[in-house]
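# Structure at a glance
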Number of protein chains: 2
Amino acid sequence: MPEVNQQLIAERLQISVATVSRCFTNHPGINPLTRARVFQLAAELGYTHQEMRTGRASKKATATSKPKVTFGVLICSEEEEYYRKDYQNPSEQILAGITECAHVNGVKVEVHLVDPKAVALDDPTYLKIEKFRRRWNGLLLVYPFPSAVLDALAIKMPLVSLVEQYDHAGIDCVDVDHDKGVSSAIEHLREHGHRRIGFFTRRYTVEASWSFRRYAAFVEKMARLRLTVSPRDIVNMFPSKELGEAESIEYAAERTLDGVTAWVCAADHQAFELIRGLRKRGIDVPGQVSVTGFDGIAAPRGCPVLSTIEIPFREIGATGTLRLIARVKKHFGSTQHVFIDGRLRAGATVASIRK
Amino acid sequence: MPEVNQQLIAERLQISVATVSRCFTNHPGINPLTRARVFQLAAELGYTHQEMRTGRASKKATATSKPKVTFGVLICSEEEEYYRKDYQNPSEQILAGITECAHVNGVKVEVHLVDPKAVALDDPTYLKIEKFRRRWNGLLLVYPFPSAVLDALAIKMPLVSLVEQYDHAGIDCVDVDHDKGVSSAIEHLREHGHRRIGFFTRRYTVEASWSFRRYAAFVEKMARLRLTVSPRDIVNMFPSKELGEAESIEYAAERTLDGVTAWVCAADHQAFELIRGLRKRGIDVPGQVSVTGFDGIAAPRGCPVLSTIEIPFREIGATGTLRLIARVKKHFGSTQHVFIDGRLRAGATVASIRK
DNA sequence: CGTTTTTTTGCATTAATTTGCATTATTTGA
DNA sequence: TCAAATAATGCAAATTAATGCAAAAAAACG
């Protein structure tokens, strides 16, 4: 076993062990972002603070009163290496919001990673955290969890889900405002003269709630603006036919030549694929057709800066924590969803239409 | 990576760091325009201001005890409407939620009625409350307000709008969860075997946000269920033709005979009209066609109990107050919308489909 | 029980933020 | 019109935040 201790975390993060220690002991005067990084890396490395054993180590800690509320934070994701490790890692931002808000309110948080492939509570990845779970007063969920796990967890403690939408009754959710986001994207296009606007998404094996939600937002906004949308300009959303990746782009290219002047994509990664595909087919973006995305991820190399909606991860984390505090204090109350405005970031993929 | 701090904002805006700081700490004597610019740039740069967390609440802060916060509550409604006692008066419910929550949190509230016909702040109805306004730390708005009034008020103090949806940036909203509501209505219908479901609304002289929103929810849910919706089964929502009241019902009757087995109405009053109209034309509800509403108002005499979604007015009031308290403490941060689950109340207007 | 390893904490340092006071417009009011 | 009041901001000092260093305290290990 490679020794996982605070020193290792400190080295990896290029900070001192003192700082790492202070993160775990809930010291004041720690930058929330630093704390978030430490917690996240600790979760990845599987480091757990002096809780596992006999609990209450410090005698003076108990003396200082404070009923001490503790929240668990579960991040449902592969070892997190996947994306960019650089400055705007989504879960890191979310965690920063969580730790900041939790600290201000005297709440302790414990962060764990769980395997997305685990579909039930008896999976090792959940058994591992079983013993911690008893101490938690509530649970923050980051990214989508299997439905069975939700059901099982929901009866044990209050849950608040961040970034991913659950229709599951009894679970509060905090997410970006899909409606407002799509609405501003469309407005942005309209200001550039676009009228015939299509919607582009793709099918996912696990149902992507946000794809439906953003599609609905698209339909709503177009209706408000009294702009007609031909069902043929909707790619990959029921009832249109389900297409493979290559086919989808081929189809979108065809519709573009037919007169669509702009595409609203349900997510940035789709937008990048679409742009690449269109360009490969000799269609210029944004010269011939404009494209907007949603999520605000960094452009892959060779791709232009996308006009997109940035997701306010940090604020989502903070608001979710606040919501969980309210829920823990007062168990009743209906389920509620909070949607936070994302910012429109104009990029180089939207241009004015040529008359 | 590039250190984003107040100094950077100050340089970019050609002002001193002192001024920037005062914006974030909510100091008096700061030009609202300057403040707006600072917040705008801060959002773009991704600067996040942090509350003083270690602040031992020391010094004078503890001495002054309660800062005494007062909220104004403006109800935009005709007096007759407001004092109507015949059925569960919504604004009464909302007020109950507000006062309850305010009391618990030591906030004072002052309630005023304003005339919906007044479109600007210099109208007598607003001048009347002018002197109170200075004392208020925030404002709760019940029912829709004219856009010009919102703009004027928004720069003076934090606003939270209840029940009505504003796309207006900078105004937080608390409302029933239209999506969840429509979704449960459709699920209810589907459990009774319905597959061909239409959407019924009517046009309003002032744009009814909720009508569009509920329509979008309808489209979304139907897409999720993989149920096709013919545009011809959508009444009074763009791009379908705009019809008068009698025509609308005539048209809905025609579609019903064509095979629509259920109508989702955007609001209860529409549903009652529709039911009356259909029955007059010899179409039995729910025998031949089912109807759902939205709002949970009491049935007028001669009308059956409607299957509908009850709006949790009281909780909306309480949640809105909570939100305003948070806003006053920290009055920057993105706009957010809170949607609270309404309860599906099964009535006598939905029946199982006959094979 | 002594070592060794790991974690916590007092103190110091630097950067960032806040605030008291002064300065410059801008209005108000005879 | 000119002093007085008001508003908005800058300057610089005071305060606070964030973190490292190294010593002290706890745990872990034999």
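Residues numbered from 1 in each chain as written. Chains lettered and ligands numbered in written order. Predicted model: local features only at pLDDT ≥ 70, side-chain atom pairs only at ≥ 80, totals over all residues. Heavy atoms only, no water.

## Some details on the sheet that holds strand β11 (residues 336-340) of chain A
What the twelve strands build is an open sheet, ordered β2(A)-β1(A)-β3(A)-β4(A)-β5(A)-β11(A)-β11(B)-β5(B)-β4(B)-β3(B)-β1(B)-β2(B); its pairing is mixed. Two strands close off the open sheet at either side, each with one partner strand: β2 (107-114) of chain A together with β2 (107-114) of chain B. The mean inter-strand angle of the sheet, taken between neighbouring strand axes irrespective of direction, is 20°. Alignment of strand β1 (residues 69-76) of chain A against strand β3 (residues 138-142) of chain A, held across five bridges, turns out to be parallel. (Pairing = 2+ DSSP bridges. Helix = DSSP H or I, 4+ residues; strand = E, 2+ residues; numbered from the N terminus. Axes fitted to C-alpha atoms, helices over the stretch in contact; angles between N-to-C directions.)

## Things to note about the interface of chain B and chain A
Contacts between the two partners involve 40 residues from chain B and, on the opposite side, 42 residues from chain A. Roughly 3900 Å² of surface becomes buried between chain B and chain A when both sides are summed, with 54% attributable to carbon and sulfur atoms. Counting across the interface, chain B meets chain A through seven salt bridges. Close ionic contact of Asp167 of chain A with Arg224 of chain B constitutes a salt bridge, the shortest N to O distance being 3.8 Å. Listed by contribution, the elements that provide at least two residues to the side of chain B that touches chain A are α3 (32-45), α9 (178-191), α10 (209-224), α13 (313-329) and β11 (336-340) of chain B. Looking at which element gives the most residues to the side of chain B that touches chain A, the answer is α10 of chain B, with ten residues. Its residues placed into classes, the side of chain B that touches chain A shows 14 nonpolar, twelve polar and 14 charged. Relative to β11 of chain B, β11 of chain A runs antiparallel, the two sharing five bridges. (Contact = heavy atoms within 4.5 Å. Buried area = accessible area lost by both parts, 1.4 Å probe. Salt bridge = Lys/Arg side-chain N within 4 Å of Asp/Glu carboxyl O. Nonpolar A, V, L, I, M, F, W, Y, C, P; charged D, E, K, R; others polar.)

## Let's talk about the domain arrangement of chain A
The domains assigned to chain A are domain 1 (6-157) and domain 2 (178-310). Each of domain 1 of chain A and domain 2 of chain A has a C-alpha centre, and these two points are 36 Å apart. (Domains from an automatic or database assignment.)

## Focus on helix α2 (residues 17-24) of chain B
All names here are of chain B. When we look at burial in α2, the residues that qualify are Thr19, Val20, Cys23 and Phe24. All buried residues of α2 project into a common sector of 140° when viewed along the axis, lining one side. Residues of α2 that are buried sit in contact with α1 (6-13) and α3. Looking one or two residues beyond α2, the residue adopting positive phi is Asn26, at roughly 60°. (Buried < 20%, exposed > 50% of the residue type's maximum accessible area, 1.4 Å probe, protein only. Arc of directions from axis to C-beta.)

## Observations concerning the protein's contact with DNA strand C
Neighbouring DNA strand C are 21 residues; Ser21 and His49 of chain A together with Ser21, Tyr47 and His49 of chain B lie closest to it. By atom count, sugar and phosphate contribute 71% of the portion of DNA strand C lying within 4 Å of the protein. Within the side chain of Ser21 of chain B, a nitrogen or oxygen atom sits 2.7 Å from a phosphate oxygen of DNA strand C. Within the side chain of His49 of chain B, a nitrogen or oxygen atom sits 3.4 Å from a phosphate oxygen of DNA strand C. At the level of elements, α2 (17-24) of chain A together with α2 of chain B are the ones that each hand at least two residues to the surface near DNA strand C. Classifying every residue of the surface near DNA strand C gives four nonpolar, twelve polar and five charged. (Near = heavy atom within 4 Å. Polar contact = N/O pair within 3.5 Å; in protein donor to acceptor, adjacent residues only side chain to side chain.)

## Points about the packing of helix α9 (residues 209-224) of chain A against α10 of chain B
Orientation of α9 of chain A relative to α10 of chain B, taken along the N-to-C sense of each, is 140°, at an axis distance of 9 Å. In terms of orientation, α9 of chain A lies oblique with respect to α10 of chain B. Judged by the sense of rotation from one axis to the other, the crossing of α9 of chain A with α10 of chain B is right-handed. When α9 of chain A is examined against α10 of chain B, the residues Ser209, Phe212, Arg213, Tyr215, Ala216, Val219, Glu220, Ala223 and Arg224 of chain A are found in contact with a partner set consisting of Ser209, Phe212, Arg213, Tyr215, Ala216, Val219, Glu220, Ala223 and Arg224 of chain B. Residues belonging to the contact of α9 of chain A with α10 of chain B are distributed by class as follows: ten nonpolar, two polar and six charged. (Parallel < 35°, antiparallel > 145°, perpendicular 65-115°, else oblique. Left-handed = near helix turned anticlockwise from the far one by under 90°.)

## Comments concerning the packing of aromatic side chains
Going through the model one piece at a time under the given rule, you end up with 13 aromatic pairs over all chains. Judged by centre distance (5.8 Å) and plane angle (55°), the rings of Phe339 of chain A and Phe339 of chain B are tilted. Of this pair, Phe339 of chain A sits in strand β11 while Phe339 of chain B sits in strand β11, each in a different chain. Each member of the pair, Phe339 of chain A together with Phe339 of chain B, is buried. (Phe/Tyr/Trp six-rings, centres within 6.5 Å; stacked < 30°, edge-to-face > 60°.)

## Regarding the sheet that holds strand β7 (residues 234-235) of chain A
All names here are of chain A. The four strands are arranged β7-β6-β8-β9 in an open sheet whose pairing can be described as parallel. This sheet does not close on itself; its edge strands, each paired only once, are β7 and β9 (290-292). Both strand β6 (residues 197-200) and β7 contribute to a ladder of two bridges, which runs parallel. Residue pairing across strands places Phe199 opposite Ile234, the latter belonging to β7.

## Here's the deal with α9 of chain B
All names here are of chain B. Here α9 contains 14 residues, and its C-alpha end-to-end distance of 20 Å stays within 8% of the 20 Å for a straight helix at 1.5 Å per residue. Of all 14 residues making up α9, ten are buried, and the element is well covered by its neighbours. The set of residues buried in α9 consists of His178, Asp179, Lys180, Gly181, Val182, Ser183, Ala185, Ile186, His188 and Leu189. For α9, the N-terminal capping position is held by Asp177, with its side-chain oxygen 3.1 Å away from the main-chain nitrogen of Asp179. Positive backbone phi, at 90°, marks Gly193, one or two positions downstream of α9. (Expected span 1.5 Å × (residues − 1).)

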